[in-house]
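Fold and geometry: a report
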Amino acid sequence: MARRPVGKRIGRREDFPDGTSRKFTLRCRGESLEGFVLGFEGELFAYVNRCRHVPLPLDWVDNQFFTEDERYLLCANHGALYEPTTGECLWGPCFGAWLQKVPLKMDGGTVRAFCPEHD
Ligand code: FES
């Protein structure tokens, strides 16, 4: 019988208040995948750290994904803006594309991340 995937523990719920973001790595299909988790409007969201314009990490300053006003996610490479709740690119060269979501699950007070279904 196959073992149920347990996901990777990436922190406690209280580690991610609104306006904070932090990177983590997952091992998915034999490869390392960098993701980031963020707190926004009382909820947690996570995405693969790969812009939909050019496949580069969004952050130049480690773990800094929010715009200054903490309203959008910013790709520091060419300034694309993404919606934190959906990952949709709202402005910039990737307009209309979507960041790849990383599934999260709460396990008690622990946040666990799981490999995305597709690349
Ligand atoms: S690489 Fe993100 S906007 Fe160009």
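Scroll up to find the structure.
Just so it is clear, the model here is predicted, and its values are computed rather than measured. (Residues numbered from 1 in each chain as written. Predicted model: local features only at pLDDT ≥ 70, side-chain atom pairs only at ≥ 80, totals over all residues. Heavy atoms only, no water.)

**Quick notes on the overall build of the chain**
Where we set the bar: In this text, helices come from DSSP runs of H or I with a minimum length of four residues, and strands from runs of E with a minimum of two, each type numbered from the N-terminal end. Radius of gyration means the value over C-alpha atoms here, while the globule rule gives 2.2 Å times the residue count to the 0.38 power. The rule is simple: take the accessible area with a 1.4 Å probe, protein chains only, and divide by the maximum for that residue type; under 20% is buried, over 50% is exposed, in between is partly exposed. Residues are treated as being in contact if the distance between any of their heavy atoms lies within 4.5 Å. Methods summary: accessible areas were calculated by the Shrake-Rupley approach with a probe of 1.4 Å, and residue burial reflects only the protein chains presented. Neither His nor the chain termini are counted; the positive set is Lys and Arg, and the negative set is Asp and Glu. One atom stands in for each charge, and that atom is NZ of Lys, CZ of Arg, CG of Asp or CD of Glu.
If you tally the helices and strands in the chain, you get zero helices and nine strands. Beginning at the N terminus, the succession of helices and strands in the chain can be written as β-β-β-β-β-β-β-β-β. A compact globule built from 119 residues should have a C-alpha radius of gyration of about 14 Å, and the chain, at 14 Å, falls within 12% of that. With respect to the principal axes defined by its C-alpha atoms, the chain has extents near 45 × 30 × 25 Å. Within the span of the chain, comprising 119 residues, buried residues form 36% of the whole. Within the chain, contacts between residues separated by at least 24 positions form 45% of all contacts whose residues are at least 6 apart in sequence. Carbon and sulfur atoms make up 51% of the accessible area of the chain, which totals about 7,100 Å². Counting 16 positive and 17 negative side-chain charges, the chain places the centres of these two groups 10 Å from one another.

**Some words on the sheet that holds strand S5 (residues 73–74)**
We apply this condition: Two strands pair if DSSP finds at least two bridges between them.
Read from one edge to the other, the open sheet built from three strands follows the order S5-S6-S7, with strand pairing classed as antiparallel. Bordering the open sheet on either side are S5 and strand S7 (89–91), each of which pairs with just one other strand.

**Considerations on the sheet that holds strand S3 (residues 31–40)**
So the rule is basically this: Helix axes use the C-alpha atoms of the stretch in contact, all axes being lines fitted to C-alpha atoms, and the angles between their N-to-C directions lie in the range 0 to 180 degrees.
Taking strand neighbours across the sheet as the criterion, the three strands line up as S2-S3-S4 in an open arrangement whose pairing is antiparallel. Across the chains shown, the open sheet's two edge strands, defined by having one partner strand only, are strand S2 (21–28) and strand S4 (43–48). Between one strand and the next, the sheet's axes are offset by a mean angle of 30 degrees, whatever the strand orientation. Of the pairings in the sheet, the one linking S3 to S4 comprises six bridges and is antiparallel in character. Its bridge partner being in S4, Gly39 is matched across the sheet by Leu44.

**Some points on the pairing of S3**
Burial of S3 is extensive: seven of the ten residues sit out of reach of the surface. The sheet contact formed by S2 and S3 spans eight bridges and is antiparallel. What sits directly across from Thr25, in S3, is Glu34. From the end of S2 to the start of S3, which pair antiparallel, there are two residues, and Arg29 there has a positive phi angle of about 50 degrees. Connecting the antiparallel pair S3 and S4 is a turn made up of two residues, with Glu41 showing a positive phi of about 50 degrees.

**Overview of a negative patch on the surface**
Just so we agree on the cut-off: For patches, a residue must show more than 30% relative accessible area and have no salt bridge; joins then use 9 Å for like charges and 5 Å for nonpolar side chains, namely Val, Leu, Ile, Met, Phe, Trp and Tyr. Put simply, a salt bridge is a Lys or Arg side-chain nitrogen that is within 4 Å of an Asp or Glu carboxyl oxygen.
Together, Asp18, Glu41, Glu43, Glu68, Asp69 and Glu70 give the surface a local cluster of negative charge. With respect to the helices and strands, the residue Glu43 is situated in strand S4.

**Let's talk about the environment of Gly96**
Examined against the element boundaries, Gly96 turns out to sit in the loop between S7 and strand S8 (104–107). Taking relative accessible area as the criterion, Gly96 reaches 37% and is therefore assigned partly exposed. Residues Gly96 and Arg52, spaced 44 residues apart in sequence, show a C-alpha to C-alpha distance of 9.5 Å.

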